[in-house]
Amino acid sequence: MTATPHAQPPDFPSTEDIDDAHDIVYGHRPRQVIRWYCACGDAYPCWELRFARLVLEAAGR
Ligand SMILES: [Zn+2]
């Protein structure tokens with residue numbers, strides 16, 4: 001019975017690993033997403049608001 005221990009190579013992390021890690025850290029930065037919500041609870045601007053604006057725009061001719 002031969003046990004094959006998965007020992008880390010002595011050069012872990014290698015230069016390549018570190019480069020990869022840098023790429024991953026760079027490509028996985030957090031993104032802040034700002035969401036606007038209408039007072040009626042829908043995503044802003046909601047359909048009703050867009051329609052109301054169209055009406056007001058048309059009336060303002
Ligand atoms: Zn609304």
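Rules used in this analysis
Residues numbered from 1 in each chain as written. Predicted model: local features only at pLDDT ≥ 70, side-chain atom pairs only at ≥ 80, totals over all residues. Helix = DSSP H or I, 4+ residues; strand = E, 2+ residues; numbered from the N terminus. Buried ≥ 20, exposed ≤ 12 C-beta atoms within 10 Å, placed from the backbone. Expected span 1.5 Å × (residues − 1).

As for the overall build of the protein chain
- The secondary structure content of the protein chain amounts to 2 helices and 0 strands.
- Taking all 61 residues of the protein chain together, 0% fall into the buried category.

Some words on helix H2 (residues 47-59)
- Between its first and last C-alpha, H2 extends 18 Å over 13 residues, near the 18 Å set by a 1.5 Å rise per residue.
- Counting buried positions along H2 gives 0 out of 13 residues, so the element sits mostly on the surface.

Looking at helix H1 (residues 15-27)
- A rise of 1.5 Å per residue sets the reference length of H1, with its 13 residues, at 18 Å; its end C-alpha atoms lie 18 Å apart and thus fit the reference within 8%.
- In terms of burial, H1 is a largely surface element, 0 of the 13 residues being buried.

Note that every value here comes from positions in space, so none of it alone points to a role or purpose.
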